[in-house]
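# Structure at a glance
The primary structure of each chain is shown beneath.
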Amino acid sequence: MNFDAYARTGVDLVNARLDDLDDLRALFPDDNAWMRDEVAERDLVIFRRAQKRLRDVFEFGTSGRDVQAVAELNALLEAFPVQPRISGHDSSDWHMHVTSRGASVSAEYLAGAVWGLSVWLCEYGSARFGVCADERCGNVYLDTSSNCCRRFCSERCATRSHVAAHRARKRAAVGEQQVPVPAQADSLTPVP
């Protein structure tokens, strides 16, 4: 099983727009096209609730609240249990699924996402769960940097944030130069 891939499905879910069923269908990559075809309106509500709870996990991890992150993941593991099974169409195509045959789309997807994020937390710690530092973004990410220093979900957000900070510093510097310095008045001479 590729736990990193499952963990990334959790990231994808938290960052997804889920206004309607079409938004939910857009969450599934081509290799999970069957999910797009089988997802139903009832799954949308389940995905939205799980999305909020998984965002909480990232918020807990980012703020150093490991115990809360673990508690939430444990609750999600109970709600979306992993029931592994081998599947395939011929002897060269064997692979693992995380739920029993006939499980709903939400059960299949969420069991994998929660399992992947749980393994990620055990392997790397909750400090590797990040929320983008660009205040206009809010996306989550898994920090794969060598020294746990990542602050942004993407290069785009990092660049946008750094450019905005640079421009703000430049405006502040120009503003300081344009502020008139008050002239010193003569000692006791009244100004007309």
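Check the entry above for the structure.
Everything quoted here is computed from the prediction, not taken from an experiment. (Residues numbered from 1 in each chain as written. Predicted model: local features only at pLDDT ≥ 70, side-chain atom pairs only at ≥ 80, totals over all residues. Heavy atoms only, no water.)

Glancing now at the packing of helix 5 (residues 66–79) against helix 6 (residues 105–124). Two elements in contact, helix 5 and helix 6, have axes whose closest approach is 10 Å; the angle formed by their N-to-C orientations is 150 degrees. The element helix 5 and its partner helix 6 pack so that their crossing is left-handed. Contact residues: Ala 69, Val 70, Leu 73, Leu 76 and Leu 77 in helix 5; Val 114, Trp 115, Leu 117, Ser 118 and Leu 121 in helix 6. Its residues assigned to classes, the contact of helix 5 with helix 6 shows nine nonpolar, one polar and no charged. (Axes fitted to C-alpha atoms, helices over the stretch in contact; angles between N-to-C directions. Helix = DSSP H or I, 4+ residues; strand = E, 2+ residues; numbered from the N terminus. Left-handed = near helix turned anticlockwise from the far one by under 90°. Contact = heavy atoms within 4.5 Å. Nonpolar A, V, L, I, M, F, W, Y, C, P; charged D, E, K, R; others polar.)

In a soluble, globular protein the nonpolar side chains are often hidden away together inside. In terms of nonpolar packing, the biggest core is built from 38 residues, with Leu 13, Leu 24, Phe 47, Phe 58, Tyr 109 and Phe 129 touching the most fellow members. A per-element tally of this core places helix 6 first, with nine residues. The next biggest cluster of nonpolar side chains, apart from the first, holds six residues, and it includes Cys 132, Tyr 141, Phe 152 and Ala 158. (Core = buried A, V, L, I, M, F, W, Y, C linked by side-chain atoms within 4.5 Å. Buried < 20%, exposed > 50% of the residue type's maximum accessible area, 1.4 Å probe, protein only.)

Here we take up the packing of aromatic side chains. Scanning all chains against the criterion turns up five aromatic pairs. Judged by centre distance (6.1 Å) and plane angle (75 degrees), the rings of Phe 28 and Phe 47 are edge-to-face. Of this pair, Phe 28 sits in the loop between helix 2 (21–26) and helix 3 (33–38) while Phe 47 is found in helix 4 (residues 41–62), placing the two residues 19 residues apart along the sequence. In this pair, the class of Phe 28 matches that of Phe 47, namely buried. Residue Phe 47 is classed as buried on the basis of its relative accessible area of 0%. Put simply, the rings of Phe 28, Phe 47 and Tyr 109 touch in pairs and so form one group of aromatic residues. (Phe/Tyr/Trp six-rings, centres within 6.5 Å; stacked < 30°, edge-to-face > 60°.)

For the rest of this paragraph, the subject is helix 6. Relative to the 28 Å expected for 20 residues at 1.5 Å per residue, helix 6 spans 28 Å between its end C-alpha atoms, a close match to the ideal helical length. Count one or two residues on from helix 6 and you reach Gly 125, which has phi positive near 90 degrees. (Expected span 1.5 Å × (residues − 1).)

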